[in-house]
Amino acid sequence: MTRILLLGGVTEALAIARTLGPEHIYSLAGVGRVPSDLKCQVRVGGYGGAEGLARFIREQRIGLLLDATHPYAAQISANAVAAAQHAAVPCWALRRPAWQPQPGDDWREIAGWEALVEALRPFKRPLFTLGREPLQHLNEIPAGQFWTLRALETCPGNERCEVIGARGPFLIEDERQLFARRDIDVLISKNSGSSATEPKLEVARERGIPVLVLKRPKLPEADRHFASVAELLQALHSPDKT
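So, a few notes on the structure that sits alongside this text. (Residues numbered from 1 in each chain as written. Predicted model: local features only at pLDDT ≥ 70, side-chain atom pairs only at ≥ 80, totals over all residues. Heavy atoms only, no water.)

## Things to note about the pairing of strand β5 (residues 91-94)
A two-sided burial pattern is seen for β5, the buried positions comprising Cys-91 and Ala-93 on one face and Trp-92 and Leu-94 on the other. The pairing of strand β4 (residues 64-68) with β5 spans three bridges and is classified as parallel. Following the sheet pairing, Leu-66 is matched in β5 by Trp-92. What joins β4 to β5 is helix α3 (residues 74-87), and the crossover it makes is right-handed. Looking at chain direction, β5 and strand β12 (residues 224-226) are connected through three bridges and run parallel. Looking across to β12, one finds that Trp-92 is bridged to Arg-224. (Buried < 20%, exposed > 50% of the residue type's maximum accessible area, 1.4 Å probe, protein only. Helix = DSSP H or I, 4+ residues; strand = E, 2+ residues; numbered from the N terminus. Pairing = 2+ DSSP bridges. Right-handed = clockwise from strand over helix to strand, strands pointing away.)

Structure below.
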(Lines give C-alpha, C1' and ligand atoms only; values in the text may rest on other atoms or scores of the structure.)
Protein backbone atom coordinates (compact mmCIF):
# COMPACT_ATOMS: atom_id res chain seq x y z
CA MET A 1 0.00 0.00 0.00
CA THR A 2 1.28 3.46 -0.91
CA ARG A 3 1.89 5.60 2.19
CA ILE A 4 0.60 9.16 1.75
CA LEU A 5 1.89 12.42 3.20
CA LEU A 6 -0.79 15.10 2.93
CA LEU A 7 0.24 18.76 3.27
CA GLY A 8 -2.57 21.16 3.94
CA GLY A 9 -4.73 23.40 6.01
CA VAL A 10 -8.13 22.67 7.48
CA THR A 11 -10.46 23.03 4.48
CA GLU A 12 -9.99 20.79 1.44
CA ALA A 13 -7.04 19.00 3.04
CA LEU A 14 -9.17 18.07 6.04
CA ALA A 15 -11.80 16.56 3.73
CA ILE A 16 -9.04 14.43 2.17
CA ALA A 17 -7.58 13.54 5.58
CA ARG A 18 -10.94 12.17 6.72
CA THR A 19 -10.66 9.48 4.03
CA LEU A 20 -7.14 8.36 5.05
CA GLY A 21 -6.30 5.39 7.23
CA PRO A 22 -3.83 5.14 10.16
CA GLU A 23 -0.79 4.44 7.97
CA HIS A 24 -1.02 7.88 6.31
CA ILE A 25 0.12 11.28 7.63
CA TYR A 26 -1.76 14.59 7.58
CA SER A 27 0.70 17.46 8.01
CA LEU A 28 -0.32 20.92 9.23
CA ALA A 29 1.88 24.00 9.45
CA GLY A 30 0.41 24.80 12.86
CA VAL A 31 -2.14 27.50 12.00
CA GLY A 32 -5.64 26.65 13.18
CA ARG A 33 -7.04 23.92 15.38
CA VAL A 34 -5.81 20.37 14.98
CA PRO A 35 -8.71 17.96 14.32
CA SER A 36 -9.02 15.18 16.90
CA ASP A 37 -11.37 12.80 15.09
CA LEU A 38 -9.11 11.50 12.30
CA LYS A 39 -7.97 7.94 11.68
CA CYS A 40 -4.73 9.04 10.04
CA GLN A 41 -1.69 10.36 11.86
CA VAL A 42 -1.46 14.15 12.36
CA ARG A 43 1.83 16.04 12.30
CA VAL A 44 2.12 19.74 13.19
CA GLY A 45 5.08 21.93 12.27
CA GLY A 46 7.60 22.56 9.52
CA TYR A 47 10.36 20.42 8.02
CA GLY A 48 13.25 22.81 7.49
CA GLY A 49 12.68 23.52 3.81
CA ALA A 50 12.70 21.19 0.83
CA GLU A 51 15.71 19.20 2.05
CA GLY A 52 14.11 18.51 5.43
CA LEU A 53 10.86 17.49 3.79
CA ALA A 54 12.69 15.16 1.39
CA ARG A 55 14.49 13.57 4.34
CA PHE A 56 11.18 13.05 6.16
CA ILE A 57 9.66 11.47 3.03
CA ARG A 58 12.54 9.01 2.79
CA GLU A 59 12.62 8.22 6.53
CA GLN A 60 8.87 7.61 6.68
CA ARG A 61 8.86 5.69 3.39
CA ILE A 62 6.24 7.97 1.87
CA GLY A 63 5.14 6.85 -1.60
CA LEU A 64 2.95 9.80 -2.57
CA LEU A 65 3.04 13.48 -1.56
CA LEU A 66 -0.23 15.43 -1.73
CA ASP A 67 -0.03 19.24 -1.72
CA ALA A 68 -3.42 20.58 -0.63
CA THR A 69 -2.12 23.82 0.86
CA HIS A 70 -3.58 27.30 0.32
CA PRO A 71 -3.18 28.84 -3.17
CA TYR A 72 -1.03 31.59 -1.61
CA ALA A 73 1.31 29.16 0.21
CA ALA A 74 3.80 29.42 -2.64
CA GLN A 75 6.90 28.55 -0.62
CA ILE A 76 5.36 25.39 0.80
CA SER A 77 4.20 24.29 -2.65
CA ALA A 78 7.67 24.95 -4.08
CA ASN A 79 9.24 22.92 -1.25
CA ALA A 80 6.76 20.09 -1.87
CA VAL A 81 7.62 19.76 -5.55
CA ALA A 82 11.37 20.00 -4.91
CA ALA A 83 11.25 17.51 -2.03
CA ALA A 84 9.26 15.00 -4.04
CA GLN A 85 11.81 15.23 -6.83
CA HIS A 86 14.72 14.74 -4.39
CA ALA A 87 12.99 11.78 -2.75
CA ALA A 88 11.89 10.32 -6.11
CA VAL A 89 8.18 10.16 -5.23
CA PRO A 90 5.26 11.65 -7.17
CA CYS A 91 3.72 14.95 -6.03
CA TRP A 92 0.05 15.62 -6.66
CA ALA A 93 -1.36 19.10 -6.12
CA LEU A 94 -4.85 20.37 -5.43
CA ARG A 95 -5.10 23.71 -7.24
CA ARG A 96 -8.32 25.59 -6.53
CA PRO A 97 -9.70 27.44 -9.55
CA ALA A 98 -9.55 31.19 -8.94
CA TRP A 99 -12.69 33.23 -8.41
CA GLN A 100 -13.86 35.06 -11.51
CA PRO A 101 -15.50 38.51 -11.37
CA GLN A 102 -19.24 38.59 -11.97
CA PRO A 103 -21.36 41.32 -13.59
CA GLY A 104 -21.46 44.26 -11.19
CA ASP A 105 -18.11 43.48 -9.57
CA ASP A 106 -15.42 46.16 -9.26
CA TRP A 107 -12.26 44.10 -8.82
CA ARG A 108 -8.80 45.64 -8.88
CA GLU A 109 -5.86 43.24 -8.87
CA ILE A 110 -3.00 44.27 -6.58
CA ALA A 111 0.53 42.88 -6.87
CA GLY A 112 1.78 43.46 -3.32
CA TRP A 113 1.66 45.50 -0.12
CA GLU A 114 3.11 48.75 -1.53
CA ALA A 115 0.58 48.73 -4.38
CA LEU A 116 -2.18 47.96 -1.89
CA VAL A 117 -1.30 50.92 0.32
CA GLU A 118 -1.46 53.23 -2.69
CA ALA A 119 -4.78 51.77 -3.87
CA LEU A 120 -6.28 52.25 -0.38
CA ARG A 121 -5.64 56.00 -0.22
CA PRO A 122 -9.14 57.10 -1.36
CA PHE A 123 -10.93 54.90 1.22
CA LYS A 124 -11.73 55.32 4.90
CA ARG A 125 -13.13 51.99 6.20
CA PRO A 126 -11.34 48.99 4.63
CA LEU A 127 -12.05 45.39 5.57
CA PHE A 128 -8.97 43.14 5.34
CA THR A 129 -9.46 39.40 4.84
CA LEU A 130 -5.81 38.56 4.15
CA GLY A 131 -5.01 36.77 7.40
CA ARG A 132 -2.40 38.15 9.80
CA GLU A 133 -0.17 40.05 7.35
CA PRO A 134 -1.78 43.50 7.93
CA LEU A 135 -0.93 43.22 11.64
CA GLN A 136 2.67 44.02 10.70
CA HIS A 137 1.54 47.43 9.40
CA LEU A 138 -0.72 48.76 12.18
CA ASN A 139 1.60 51.69 12.85
CA GLU A 140 1.29 52.72 9.19
CA ILE A 141 -2.48 53.31 9.17
CA PRO A 142 -3.21 56.80 7.78
CA ALA A 143 -4.99 59.18 10.12
CA GLY A 144 -8.12 59.20 7.96
CA GLN A 145 -8.59 55.43 7.91
CA PHE A 146 -9.99 52.85 10.33
CA TRP A 147 -9.14 49.24 9.54
CA THR A 148 -11.17 46.13 10.27
CA LEU A 149 -9.11 42.93 10.10
CA ARG A 150 -10.59 39.45 10.06
CA ALA A 151 -8.23 36.60 10.94
CA LEU A 152 -8.53 33.07 12.34
CA GLU A 153 -7.72 34.25 15.87
CA THR A 154 -8.44 37.49 17.71
CA CYS A 155 -5.29 39.62 18.04
CA PRO A 156 -4.63 43.05 19.55
CA GLY A 157 -5.30 45.98 17.24
CA ASN A 158 -4.90 49.64 18.06
CA GLU A 159 -6.97 52.85 18.19
CA ARG A 160 -7.41 52.77 14.39
CA CYS A 161 -7.78 49.03 13.89
CA GLU A 162 -10.11 46.34 15.21
CA VAL A 163 -9.19 42.66 14.74
CA ILE A 164 -12.01 40.14 14.51
CA GLY A 165 -11.24 36.48 15.16
CA ALA A 166 -13.58 34.36 13.06
CA ARG A 167 -13.53 31.19 10.98
CA GLY A 168 -15.58 30.47 7.88
CA PRO A 169 -17.78 29.46 6.32
CA PHE A 170 -19.55 32.80 6.68
CA LEU A 171 -23.26 33.32 6.10
CA ILE A 172 -24.19 36.07 3.68
CA GLU A 173 -26.55 37.75 6.18
CA ASP A 174 -23.75 37.94 8.74
CA GLU A 175 -21.48 39.46 6.10
CA ARG A 176 -24.14 42.05 5.26
CA GLN A 177 -24.37 43.02 8.92
CA LEU A 178 -20.59 43.29 9.23
CA PHE A 179 -20.28 45.56 6.18
CA ALA A 180 -23.17 47.75 7.33
CA ARG A 181 -22.17 47.96 11.00
CA ARG A 182 -18.61 49.03 10.20
CA ASP A 183 -19.55 51.10 7.15
CA ILE A 184 -17.02 49.21 5.00
CA ASP A 185 -16.14 51.06 1.78
CA VAL A 186 -13.53 48.68 0.31
CA LEU A 187 -12.76 44.96 0.69
CA ILE A 188 -9.25 43.53 0.51
CA SER A 189 -9.10 39.83 -0.29
CA LYS A 190 -6.94 37.04 -1.59
CA ASN A 191 -8.34 35.18 -4.59
CA SER A 192 -8.59 32.01 -2.55
CA GLY A 193 -11.18 30.35 -4.74
CA SER A 194 -12.99 28.66 -1.84
CA SER A 195 -16.78 28.72 -1.72
CA ALA A 196 -16.51 29.15 2.06
CA THR A 197 -15.62 32.83 1.66
CA GLU A 198 -17.64 33.85 -1.39
CA PRO A 199 -20.41 35.69 0.57
CA LYS A 200 -18.11 38.65 1.26
CA LEU A 201 -17.70 39.11 -2.50
CA GLU A 202 -21.47 38.95 -2.98
CA VAL A 203 -21.99 41.65 -0.34
CA ALA A 204 -19.34 43.87 -1.92
CA ARG A 205 -21.18 43.48 -5.24
CA GLU A 206 -24.53 44.32 -3.63
CA ARG A 207 -23.14 47.45 -2.00
CA GLY A 208 -21.11 48.57 -5.03
CA ILE A 209 -17.88 48.34 -3.03
CA PRO A 210 -14.52 47.86 -4.79
CA VAL A 211 -12.55 44.69 -4.05
CA LEU A 212 -8.76 44.91 -4.02
CA VAL A 213 -7.67 41.39 -4.94
CA LEU A 214 -4.16 40.27 -4.04
CA LYS A 215 -2.63 38.65 -7.11
CA ARG A 216 -2.12 34.91 -6.89
CA PRO A 217 1.49 33.71 -6.77
CA LYS A 218 2.78 31.44 -9.51
CA LEU A 219 2.90 27.86 -8.21
CA PRO A 220 5.27 25.14 -9.41
CA GLU A 221 4.22 22.29 -11.68
CA ALA A 222 3.45 19.09 -9.81
CA ASP A 223 3.22 15.63 -11.38
CA ARG A 224 -0.58 15.84 -11.42
CA HIS A 225 -2.98 18.70 -10.77
CA PHE A 226 -6.57 18.48 -9.52
CA ALA A 227 -9.23 21.20 -9.40
CA SER A 228 -11.41 19.63 -6.68
CA VAL A 229 -11.29 17.25 -3.74
CA ALA A 230 -13.67 14.90 -5.51
CA GLU A 231 -11.40 14.71 -8.55
CA LEU A 232 -8.35 14.04 -6.40
CA LEU A 233 -10.08 11.37 -4.31
CA GLN A 234 -11.28 9.61 -7.44
CA ALA A 235 -7.68 9.42 -8.68
CA LEU A 236 -6.48 8.38 -5.22
CA HIS A 237 -8.80 5.37 -5.19
CA SER A 238 -7.87 4.38 -8.70
CA PRO A 239 -5.83 1.17 -8.96
CA ASP A 240 -3.19 3.08 -10.95
CA LYS A 241 -1.84 6.08 -8.97
CA THR A 242 0.84 7.07 -11.47
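The rest of the description comes next.
## Thoughts on the nonpolar core
Core analysis: the largest hydrophobic core is formed by 22 residues, its most contacted members being Leu-6, Ile-16, Tyr-26, Leu-66 and Leu-236. Elements with a contribution of two residues or more to this core: β1 (4-8), α1 (12-17), β2 (25-28), β4, β5 and α7 (229-236). (Core = buried A, V, L, I, M, F, W, Y, C linked by side-chain atoms within 4.5 Å.)

## Concerning the sheet that holds strand β11 (residues 211-214)
Strand order in the open sheet formed by six strands is β6-β11-β10-β7-β8-β9, and the pairing between neighbours is parallel. What marks the edges here is a single partner per strand, and that holds for β6 (107-110) and β9 (161-165). Within the sheet, the average angular offset between the axes of one strand and its neighbour, ignoring direction, is 20 degrees. The sheet contacts of helix α6 (residues 198-207) involve β6, β7 (126-129), β8 (147-151), β10 (186-190) and β11, and relative to β10 the element is tilted by about 150 degrees. (Axes fitted to C-alpha atoms, helices over the stretch in contact; angles between N-to-C directions. Contact = heavy atoms within 4.5 Å.)

## Looking at the packing of aromatic side chains
Following the criterion strictly, the structure yields five aromatic pairs and no others. Centroid distance Trp-92 to Phe-226: 5.2 Å. Interplanar angle 50 degrees. Geometry classified as tilted. Highlighted residues: Trp-92 in strand β5 and Phe-226 in strand β12, separated in sequence by 134 residues. Of the two residues, Trp-92 and Phe-226, both sit in the buried class. Centroid distance Phe-128 to Trp-147: 4.5 Å. Interplanar angle 45 degrees. Geometry classified as tilted. Placement of Phe-128 in strand β7 and of Trp-147 in strand β8 is noted, with a sequence separation of 19 residues between them. For Phe-128, a relative accessible area of 0% gives the class buried. By the ring-pair criterion, three or more aromatic residues cluster together here, those being Trp-113, Phe-128 and Trp-147. When the ring centre of Tyr-47 is taken as origin, the NZ or CZ atom of Arg-43, which lies over that ring, is 3.9 Å away. (Phe/Tyr/Trp six-rings, centres within 6.5 Å; stacked < 30°, edge-to-face > 60°. Lys NZ or Arg CZ within 6 Å of the ring centre and 35° of its normal.)

## Observations concerning the state of the cysteines
All told, the structure shown has zero disulfides when counted by the stated rule. Cys-91 provides the cysteine sulfur closest to Cys-40, a residue in no disulfide bond, and the two sulfurs are 18 Å apart. With no disulfide of its own, Cys-155 lies closest to Cys-161 among cysteine sulfurs, the gap being 9.7 Å. A residue is classified by how much of its surface remains accessible, and Cys-155, at 12% relative accessible area, is buried. (Disulfide = S-S within 2.5 Å.)

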